[in-house]
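Structural overview
Residue-level listing of the chains:
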Amino acid sequence: MKIFWTVLVLLFVAQPLQAEAPSRAMVLVFDQMRAEYIDRYDMTNFKRARAMGMEFENGIVGHLESNTIVSHPVISSGKLPKNLPWGTHVMKDTKGLLGEKDLYYKPFDLTPEQWLSLHQKTSGDTSLLARIKQKNPGPTFTVAQKKYAAFNYGGPYSDTIICLDSALTEGPWKGHHRPGGKNVPSYLREPEGNRFYVGATDDWGSGQEVYPFHGNSFVTGNDPDRQGGDIWVGDVVEKIMEREKD
């Protein structure tokens, strides 16, 4: 009996204390990322994030094209492409959600308002963010360099969507991208000395490519004070977490 109680005590002590409910949730999506890169290239920050969160080793979306404008709403809605407004670079509006029925559209050319309207009509309150906000009504933020990526991942339930606007054509920041999107906080758009305004003029020899680089929007660039690319995204997220205490 004494041995039995000792075993019970050891089992009780070995159980982890009940963790507090998380106050923040962060979902990371990386273009052209493969899960094995984290270990292959010893990406320490990724390893830390992976250890803190959830990982599905055998998870796969399994749709025809690995296409950003399709993949992002798949992740944020949990729906397969056949249940979304589009599944590839061209969509046939069979239900007339954008106007006359059976007209064809290129999803990349739609406006943010059209993107959000389509997601609202097809995913509604079943999206990832909508379900999170049912439990925790705190503010939600979506950040990406590309406008279509930010809006189609964030969807209609993201309170703030932040991306890079087209190059400014006049004023003191002519030739720069500035933060744009939906409900962008003033501390990201205040022009004076703003780190989040990045150069937009150099295409780095990619002008003839399908996806030409637009200055420092997709690459880090040579300005150490206003780096672009993934560093820009990371810095925006860090600034948000610093300023948005709730």
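From a predicted model like this one, the values you see are computed outputs, not experimental measurements.

1. Some words on the overall build of the protein
Within the protein, the regular secondary structure consists of 9 helices and 7 strands. Buried positions account for 33% of the 246 residues belonging to the protein. Taking all contacts inside the protein whose residues are at least 6 apart in sequence as the whole, residues at least 24 apart take part in 43%. Per element, the accessible surface of the protein, about 16,400 Å² overall, is 54% carbon and sulfur.

2. Some remarks on the sheet that holds strand S6 (residues 179–182)
The 3 strands are arranged S3-S4-S6 in an open sheet whose pairing can be described as mixed. Where the open sheet ends on each side, the last strands, each with one partner, are strand S3 (141–143) and S6. Averaged over all neighbouring strand pairs, the angle between strand axes comes to 25°, with direction disregarded. Where strand S4 (residues 160–164) meets S6, 4 bridges bridge the pair, whose relative direction is antiparallel. Paired with Leu-164 across the bridge in S6 is Pro-179. Lying over the sheet, helix H7 (residues 147–154) contacts S3, S4 and S6, oriented at roughly 165° with respect to S4.

3. Some details on the environment of Lys-121
Along the polypeptide, Lys-121 turns up in helix H5 (residues 112–122). Given the relative accessible area of 48%, Lys-121 is considered partly exposed. Taking C-alpha positions, Lys-121 is 10.0 Å from Pro-156, a pair spaced 35 residues apart along the chain.

4. Notes on the packing of aromatic side chains
Counted according to the given criterion, the structure contains 4 aromatic pairs. Ring plane angle 40° and centroid distance 6.3 Å describe the contact between Trp-115 and Phe-151, whose orientation is recorded as tilted. One end of the pair, Trp-115, is in helix H5; the other, Phe-151, is in helix H7, and 36 residues separate them in sequence. What makes Trp-115 buried here is its relative accessible area of 2%. The cationic tip of Lys-146 hangs over the ring face of Phe-218; the distance from NZ or CZ to the ring centre is 5.3 Å.

5. A look at the pattern of salt bridges
Taken as a whole and assessed by the stated rule, the structure comprises 10 salt bridges. Residue Asp-223 pairs with Arg-226 through a salt bridge whose shortest N-O separation is 3.7 Å.

6. Some words on the environment of His-119
Mapped onto the secondary structure, His-119 falls in helix H5. Assessed through its relative accessible area of 5%, His-119 is described here as buried. It is 9.8 Å that separates the C-alpha atoms of His-119 and Tyr-157, two residues lying 38 residues apart in sequence. The residues touching His-119, leaving out its near neighbours within four places in the chain, are Pro-73, Pro-85, Trp-86, Gly-124, Asn-152 and Pro-156.

7. Things to note about the side chain of Thr-160
Along the chain, the position of Thr-160 falls in strand S4. Not counting residues within four places of it along the chain, the set of residues in contact with Thr-160 comprises Thr-140, Phe-141, Thr-142, Lys-182, Asn-183, Val-184 and Pro-185.

8. Observations concerning a nonpolar patch on the surface
Judged by side-chain polarity, Met-26, Leu-28, Phe-30 and Met-241 come together as a nonpolar surface patch covering roughly 380 Å² of accessible area. Following the sequence through the fold, Met-26 ends up in the loop between helix H1 (2–14) and helix H2 (37–40). For Met-26, a relative accessible area of 55% puts it in the exposed group.

9. A look at the packing of helix H4 (residues 68–77) against H7
In the contact formed by H4 and H7, the axes pass within 7 Å of each other and the chain directions differ by 25°. Relative to H7, the element H4 is oriented roughly parallel. Crossing hand, H4 versus H7: right-handed. Facing H4, whose interface residues are Thr-68, Ile-69, His-72, Pro-73, Ile-75 and Ser-76, H7 presents Tyr-148, Ala-149, Asn-152 and Tyr-153. Class assignment of the residues belonging to the contact of H4 with H7 gives a composition of 6 nonpolar, 4 polar and no charged.

Reading the values: the criteria
Residues numbered from 1 in each chain as written. Predicted model: local features only at pLDDT ≥ 70, side-chain atom pairs only at ≥ 80, totals over all residues. Heavy atoms only, no water. Helix = DSSP H or I, 4+ residues; strand = E, 2+ residues; numbered from the N terminus. Buried < 20%, exposed > 50% of the residue type's maximum accessible area, 1.4 Å probe, protein only. Contact = heavy atoms within 4.5 Å. Areas by Shrake-Rupley, 256 points an atom, 1.4 Å probe, with all protein chains shown as cover. Pairing = 2+ DSSP bridges. Axes fitted to C-alpha atoms, helices over the stretch in contact; angles between N-to-C directions. Phe/Tyr/Trp six-rings, centres within 6.5 Å; stacked < 30°, edge-to-face > 60°. Lys NZ or Arg CZ within 6 Å of the ring centre and 35° of its normal. Salt bridge = Lys/Arg side-chain N within 4 Å of Asp/Glu carboxyl O. Patch = residues over 30% accessible without salt bridge, like charges linked within 9 Å, V, L, I, M, F, W, Y side chains within 5 Å. Parallel < 35°, antiparallel > 145°, perpendicular 65-115°, else oblique. Left-handed = near helix turned anticlockwise from the far one by under 90°. Nonpolar A, V, L, I, M, F, W, Y, C, P; charged D, E, K, R; others polar.

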